[in-house]
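The residues making up each chain are set out below.
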Amino acid sequence: MIKKFILVCFMINACSYISYSDAIPLIKNAVIGVEDIEINNEFIDQKEFSFAKFKMGRSGIAILTLAYINNGIYEWVSATNEKIYTFNGKIIKTEGLINNINILNIQDLLESSSSEKANLNILVNLTNPSAVVEHRLQYTFTDQVILEKVTVPSLNKNFVNYYYFNEPNGRIVRSSQYIHPRLPRIDIDFYYK
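Parameters and conventions
All residue numbers refer to position in the chain's written sequence, counted from 1. Two thresholds apply to this predicted model, a pLDDT of at least 70 for residue-level local features and 80 or more for giving and counting side-chain atom pairs, whereas whole-chain, interface and lining totals are computed over all residues. The side-chain values count all of the structure's non-hydrogen atoms but skip hydrogen atoms and water molecules. A run of DSSP states H or I qualifies as a helix once it reaches four residues; a run of E qualifies as a strand once it reaches two. Both are numbered from the N-terminal end. Classification of residues uses two cut-offs on accessible area relative to the type maximum, computed with a 1.4 Å probe and protein chains only: under 20% is buried, over 50% is exposed, and between them is partly exposed. The contact criterion used throughout is that any non-hydrogen atoms of two residues lie within 4.5 Å. Accessible surface area values rest on a Shrake-Rupley calculation with a 1.4 Å probe, where residue burial reflects the displayed protein chains alone. Within 6.5 Å between ring centres, the rings of Phe, Tyr and Trp (the latter by its six-membered ring) count as paired, and their orientation is classed by plane angle as stacked under 30 degrees, edge-to-face over 60, tilted in between. The criterion for a charge sitting over a ring is simple: Lys NZ or Arg CZ within 6 Å of the ring centre, and within 35 degrees of the ring normal. As used here, the term nonpolar core means buried Ala, Val, Leu, Ile, Met, Phe, Trp, Tyr and Cys residues forming a set that is joined through side-chain atoms within 4.5 Å. Any carboxyl oxygen of Asp or Glu within 4 Å of a side-chain nitrogen of Lys or Arg constitutes a salt bridge here.

## Quick notes on the overall build of the protein
Across its full length, the protein carries four helices and twelve strands. In the protein, which comprises 193 residues, the share counted as buried stands at 35%. In the protein, of all internal contacts separated by at least 6 residues, the share reaching a separation of at least 24 is 31%. For the protein, the computed accessible surface area is about 12,400 Å², with 55% contributed by carbon and sulfur atoms.

As structure tokens, this is what we get:
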């Protein structure tokens, strides 16, 4: 009985810091999702540098600016200093997220050409939970889409990532990918200047 009383007192005390006016937007975002950011010509013209719109499930949308390109690896930085690194549109490393990833054998991915990339195994370091898992990648190429079938044997997970590219220059302009077992799908639209 005393344990239940202490638990109830703790819960009442914890809830006293969240007002009802604060709770309504949080509940709305959880149920409906956040409002989308419209990218139109005016928005693009206002940007000085290349940028990308990252949409994480229904709960998060952010604009990240291209900070650097080093050996084909693009570093995208948010206004609050989260960093996402991509190679050919694929997220290879994140910093500042609740759940981060880092591909450990990135050199294997960098050295593989499109024709060699039919099958590839990579090691991914996860945080929260902390683990190193193997991703078995199998690629299929279509007209303007690259399908990446991912098998994670240790987690008994399978999923498909999509990379859409622009035919004239071959750049990835959109991707839809899963990177961490505790994160929703991430959709990215790339805008190059």
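Still more to cover.
## Digging into the packing of aromatic side chains
This structure, assessed with the given rule, holds seven aromatic pairs. Summarising the aromatic geometry, the rings of Phe 51 and Tyr 191 are spaced 4.9 Å apart at their centres and angled 15° between planes, so their arrangement reads as stacked. Of this pair, Phe 51 sits in strand β1 (residues 51–56) while Tyr 191 sits in strand β12 (residues 186–191); the two residues are 140 residues apart in sequence, bridging distant segments of the chain. For Phe 51, a relative accessible area of 0% translates into the label buried. By relative accessible area, which is 24% here, Tyr 191 ends up partly exposed. Put simply, the rings of Tyr 74, Trp 76, Phe 190 and Tyr 192 pair up and form one aromatic cluster. The lysine or arginine in question, Lys 93, covers the ring of Tyr 85, its NZ or CZ lying 5.3 Å from the ring centre. The residue whose ring lies beneath Arg 171 is Tyr 192, and the NZ or CZ to ring-centre distance is 4.4 Å.

## Description of the nonpolar core
Phe 54, Trp 76, Ile 92 and Leu 109 are the most contacted members of the largest nonpolar core, which has 35 residues in total. At four residues, the largest contribution of residues to this core is made by strand β7 (residues 119–126).

## So, unusual backbone geometry
Here the bond from Asn 128 into Pro 129 is cis, since omega is 10°, no more than 30 degrees from zero. Here Pro 129 lies in the loop between β7 and β8 (131–141). Even without being glycine, Asn 88 reaches a positive phi, approximately 50°. Inspection of the secondary structure puts Asn 88 in the loop between β4 (83–87) and β5 (90–95).

## Let's talk about the pattern of salt bridges
Counting across every chain of the model gives seven salt bridges. Among the salt bridges present, the one from Asp 189 reaches Arg 174, with a minimum N-O distance of 2.9 Å. Linking Asp 189 in strand β12 with Arg 174 in strand β11 (residues 172–177), this pair joins segments that are 15 residues apart in sequence. Residue Asp 189 is classed as buried on the basis of its relative accessible area, which comes to 16%. A salt bridge links Arg 185 to Asp 187, with the nearest nitrogen and oxygen atoms 3.2 Å apart. Residue classification places Arg 185 among the partly exposed positions, given a relative accessible area of 38%. Judged by its relative accessible area of 11%, Asp 187 falls in the buried class.

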